[in-house]
Amino acid sequence: MSHEPTNVLIRVAKARSSLVRIRRGRGGWAYTPEGIPSAEATALACLGLLATEGMQSGGRDGGREATNAAADWLAAAQNPDGSVSVHPGQSGPGWATPQAVVVWSRSGRCKASGDRALRWLLGQKGRTMPRAFGESDSHDTTLSGWSWTQNTHSWVEPTAWAVLAMSCRGLTDHPRVQEALQLLKDRAIKGGGWNYGVKAVLHQSARPQPAPTGLALLALAAAHAAGRSDVADSLSYLKDVLPRARGLHSLCWGLLGLHAWSERLESADRLVQESYLAAPRATESGWHLSQLLLSSVPDAVGAFGLALEAERVRCEPP
Amino acid sequence: MLMGAAAAGGVGALWAFREGGPQASVFVGSADSYEDDLATVVRLGLTELGFKPDRFEGRSVLLKPNLVDPVGAESHANTHPNLIASIVDVFRRWGAKEVIIGEGQGLSRDTDSLLETSGYGRLFKELGVKFVDLNFDDVTPLKNAANYTSLGRFYLPRTLVEADIVVSVPKLKTHHWAGASLSAKNLFGVLPGVYYGWPKNVLHWAGIDRSILDLACLVRPQLSIVDGIIGMEGDGPLMGAPKHLGAVVIGRDPFSVDATAARLMDLDPSRLPYLKEAAGRLGAVAAGRIRQVGERVDALRSPFRLPRNLSGGGTLY
């Protein structure tokens, strides 16, 4: 039984209902009201619905059915090489593949698709290069994680998602995951936080961003790869910046990062509500609705295979 | 030298071709601040270049400004909202069916935050103008015709492909890899991040200068309007210092516009590899090939401090 305030329950119920409504007949969900379904928007919508399943008001609202159908749609559109394209069924990069893996794992569906996706994922490697002389304050370019597109450098978000996917499938000890975790830690910015993946530019510290910070924290938690003292600065950064954050994307992932480490922000509910209302046409956007759901409840980290405990996080096997 | 199909295959200049090489007209307007009557400057420039209202009447116009990760309330990294508002005003008065603003910022996925902190969100609401986050737009794959890079195709956003007129509205800035970030470099921001990443790393690996050329040849903005009222010098395009120049540069040929903007920065265009390649092949770059109207370049020219590593050094990821 949820103990969330009534307004959160109402917001979640409305968002769930909207998500189910806008998917009908489209396979998955899109970034924009007019757009074609995308793997990421679909995956996040599924995870949002799964995370808030216990908050359905009254009878079933069709969320599980929609999630199952969307998970099946992702599997049906999977490429022969195991990747899932940005817009499934069309050519394009496969960085959303780990998001599909997480959905299949958490929904308990399409295991064979998940296996194929993992094989593809393990075959992808971010491009490395020797460290340039005199750039010891920049990130370690010899570490490999995952990239946005093939044969390019590794970046925080694709790497963090790959770690989440592998963790959901019990592959935390895989050497690729271990290197990816090393990479994530290396890309942390002095003073706390992460951005897209550059910690210094021309010997000046880069600025962190809430969303990559939250995602990196989520990944480190999922893989048991850090202690609280390792992430204290980043948690402090989020608690400082999120009250001033304006975009739902930053809020969502920032809050998920905090929640993964059993931290809460008192003003979270108000901030989420305000940013959602400020986003144009959010009620028709799978991208916004899914992130509204994921940011509305601390328990949402369960959608990524994490369970909150007092001071530790435990990865639940699929 | 950068070789591509456009040069080797004799595709020829994309803009006005005259015997002896391309020629183009570029307007340089003067504006001391963003509180000046920028609509008049823009309208004057377009008129001097031979544009008439019927060119825009009934047509959809996509403006592509330079909007980057928020760097503060008075950001000199972004095209100023007042200039955008003025351009919107001119095109609307000239009967454009629709004026849309589109941008695919390269370093952050949170466009809502960017719009809020940059002042653009408020502006768009006041103007009633539609903004499209090109990073998440549906795409149309198009063959790379110029082939300066090995990228076989580009995925262009539907909003851009469907627009009747595309206008590049960059901020005039130095750039620590390309030398300067002007109209052509601004086109990196049309590419959706969902296909190119955050950052759009694949363009770096393909070669920044080559990518600039490929994109400029493919997108072919019909107009460029450079915000050089306050530009950026030093470690651009994000970490440089503001520098007042007081100029708005307008033209059809983005290479001519960029060459003129570079001269205003007291930067020899031939120091920018993409302009050196474009000269005489893709657009008019040499001063003798550009019909200069409006203010004289000499009257506004002011040396911009260049990035520390313009001559090389530092890692391109």
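Coordinates for the structure precede this section.
In short, a report on the structure. (Residues numbered from 1 in each chain as written. Chains lettered and ligands numbered in written order. Predicted model: local features only at pLDDT ≥ 70, side-chain atom pairs only at ≥ 80, totals over all residues. Heavy atoms only, no water.)

1. Side note on the interface of chain A and chain B
(1) Moving on: Contacts between chain A and chain B engage 43 residues on the former and 34 residues on the latter.
(2) Moving on: Together chain A and chain B conceal approximately 3,300 Å² of surface at their shared face, both sides included; 56% is due to carbon and sulfur atoms.
(3) Moving on: Across the chain A-chain B interface, the total number found is three salt bridges.
(4) Moving on: On inspection of chain A and its partner chain B, the count reaches 13 residue pairs in polar contact (both at pLDDT 80 or more).
(5) Moving on: Looking at the side of chain A that touches chain B, the elements with two or more residues in it are helix H10 (248-260) and helix H12 (286-296) of chain A.
(6) Moving on: Broken down by element, the side of chain A that touches chain B gets its largest block of residues, three residues, from H10 of chain A.
(7) Moving on: For the side of chain A that touches chain B, the per-class residue count stands at 17 nonpolar, 19 polar and seven charged. (Contact = heavy atoms within 4.5 Å. Buried area = accessible area lost by both parts, 1.4 Å probe. Salt bridge = Lys/Arg side-chain N within 4 Å of Asp/Glu carboxyl O. Polar contact = N/O pair within 3.5 Å; in protein donor to acceptor, adjacent residues only side chain to side chain. Helix = DSSP H or I, 4+ residues; strand = E, 2+ residues; numbered from the N terminus. Nonpolar A, V, L, I, M, F, W, Y, C, P; charged D, E, K, R; others polar.)

2. Looking at the packing of aromatic side chains
Any pair of aromatic rings gets described here by the distance separating the centres and the angle formed by the planes.
(1) Moving on: Taken as a whole and assessed by the stated rule, the structure comprises 17 aromatic pairs over all chains.
(2) Moving on: Where tryptophan 155 of chain A meets tyrosine 196 of chain A, the ring centres are 6.0 Å apart and the plane angle is 40°; that geometry is what we call tilted. Residue tryptophan 155 of chain A is located in the loop between helix H5 (111-122) and helix H6 (156-168), and its partner tyrosine 196 of chain A is located in the loop between helix H7 (175-186) and strand S1 (200-201); the two are separated by 41 residues in the primary sequence. The same class applies to tryptophan 155 of chain A as to tyrosine 196 of chain A, namely buried.
(3) Moving on: In this structure an aromatic cluster arises from ring pairing among Tyr31, Trp95, Trp148 and Trp287 of chain A together with Phe136 and Trp198 of chain B.
(4) Moving on: The ring of tryptophan 155 of chain A is capped by arginine 187 of chain A, whose NZ or CZ atom sits 5.6 Å from the centre of that ring.
(5) Moving on: The cationic tip of arginine 252 of chain B hangs over the ring face of phenylalanine 51 of chain B; the distance from NZ or CZ to the ring centre is 4.0 Å. (Phe/Tyr/Trp six-rings, centres within 6.5 Å; stacked < 30°, edge-to-face > 60°. Buried < 20%, exposed > 50% of the residue type's maximum accessible area, 1.4 Å probe, protein only. Lys NZ or Arg CZ within 6 Å of the ring centre and 35° of its normal.)

3. Thoughts on empty space enclosed by the protein
(1) Moving on: In total, this model carries three cavities of 30 Å³ or more according to the counting rule given.
(2) Moving on: By volume, the largest cavity amounts to about 120 Å³.
(3) Moving on: Together, 14 residues line the largest cavity, and Glu157, Gln209 and Pro212 of chain A together with Ser108 and Arg109 of chain B are the ones closest to its centre.
(4) Moving on: Looking at the lining of the largest cavity, the elements that each hand over two or more residues are helix H8 (210-222) and H10 of chain A.
(5) Moving on: Among the elements that take part in the lining of the largest cavity, H8 of chain A stands out by supplying three residues, more than any other.
(6) Moving on: Among the residues making up the lining of the largest cavity, the classes are represented as seven nonpolar, four polar and three charged.
(7) Moving on: Taken as a whole, the second largest cavity encloses approximately 70 Å³ of empty space. (1 Å grid on protein atoms, 1.4 Å probe; cavity = no way out; pocket = protein on both sides within 12 Å on 5 of 7 lines; lining within 4 Å. Points joined across faces, edges and corners; volume = space filled by probe spheres on them.)

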